[in-house]
Amino acid sequence: NMSILLAEKQWKKALWRMSVIGSYFGGVASARSIELKCEESKTVDNNASATNPHFKIIAALVVVIFAIADKLEKTKIALLTFGYGLVYPSVSASLGGTITHLLTGHTTNVARLVGANKMRNKGMKTSV
């Protein structure tokens, strides 16, 4: 539990856990940024045939990230959580916003708003 680690001043373990959460958060925010960039380019180019062109970009990124994580030892977990952060919100949104875990869903919602640069959103007042 993070609060116990902080209360017991186990900074190294707490920092490692915060880096994993931050890595997931970064993946979700990156996925949302990619999604918005693809939507912007789709509105400029009305002939875009794909309905979700960002999935191709995210899939390629995830393959590369997972391949790199497979070769590394020390940063393996952080890279895998970043990759999972890229995958989870995209899949969840394509399935109608299904949230499988409350904390993961809340973290995903906050990171998607950060990735969309909407820090003044109504829901952010209670989140951050």
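Residues numbered from 1 in each chain as written. Predicted model: local features only at pLDDT ≥ 70, side-chain atom pairs only at ≥ 80, totals over all residues. Heavy atoms only, no water.

Peer 1: Summarise the overall build of the chain; cite the residues concerned and give the values.
Peer 2: In terms of helices and strands, the chain carries six helices and zero strands. Ordered by position from N to C terminus, the α and β elements of the chain give α-α-α-α-α-α. Within the span of the chain, comprising 128 residues, buried residues form 28% of the whole. In the chain, of all internal contacts separated by at least 6 residues, the share reaching a separation of at least 24 is 51%. Total accessible area on the chain stands at roughly 8,800 Å², and carbon and sulfur atoms take up 63% of it. (Helix = DSSP H or I, 4+ residues; strand = E, 2+ residues; numbered from the N terminus. Buried < 20%, exposed > 50% of the residue type's maximum accessible area, 1.4 Å probe, protein only. Contact = heavy atoms within 4.5 Å. Areas by Shrake-Rupley, 256 points an atom, 1.4 Å probe, with all protein chains shown as cover.)

Peer 1: Give a description of the nonpolar core that names residues and reports values.
Peer 2: Of all hydrophobic cores here, the largest spans seven residues; its members are Ala31, Ile34, Cys38, Ile58, Val62, Ile65 and Leu86. Going through the elements one at a time, α2 (11-44) and α3 (54-71) are the ones with two or more residues in this core. Beyond its immediate stretch of four places on either side in the chain, Ala31 contacts Ile58, Gly85, Leu86, Pro89 and Ser90. (Core = buried A, V, L, I, M, F, W, Y, C linked by side-chain atoms within 4.5 Å.)

Peer 1: Provide a residue-level description of the environment of Val87, including the pertinent values.
Peer 2: Looking at where Val87 falls in the secondary structure, it is placed in helix α4 (residues 76-94). Here Val87 falls in the partly exposed class, since its relative accessible area comes to 29%. Put simply, Val87 and Ala59 are 28 residues apart on the chain and 7.8 Å apart in space, counted from C-alpha to C-alpha.

Peer 1: Requested: an account of the confidence of the model for the chain, with residues and values cited.
Peer 2: Looking at the chain as a whole, the pLDDT averages 76, with 68% of positions reaching at least 70. Confidence, read as mean pLDDT per element, is least for helix α6 (residues 124-127) in the chain (48) and greatest for α3 (89). (pLDDT = per-residue confidence, 0-100.)

Peer 1: So what's going on with a nonpolar patch on the surface? Which residues, and what values?
Peer 2: A cluster of nonpolar side chains, contributed by Trp16, Phe66, Ile77 and Leu80, occupies part of the molecular surface with about 370 Å² of accessible area. Within the secondary structure layout, Ile77 lies in helix α4. (Patch = residues over 30% accessible without salt bridge, like charges linked within 9 Å, V, L, I, M, F, W, Y side chains within 5 Å. Salt bridge = Lys/Arg side-chain N within 4 Å of Asp/Glu carboxyl O.)

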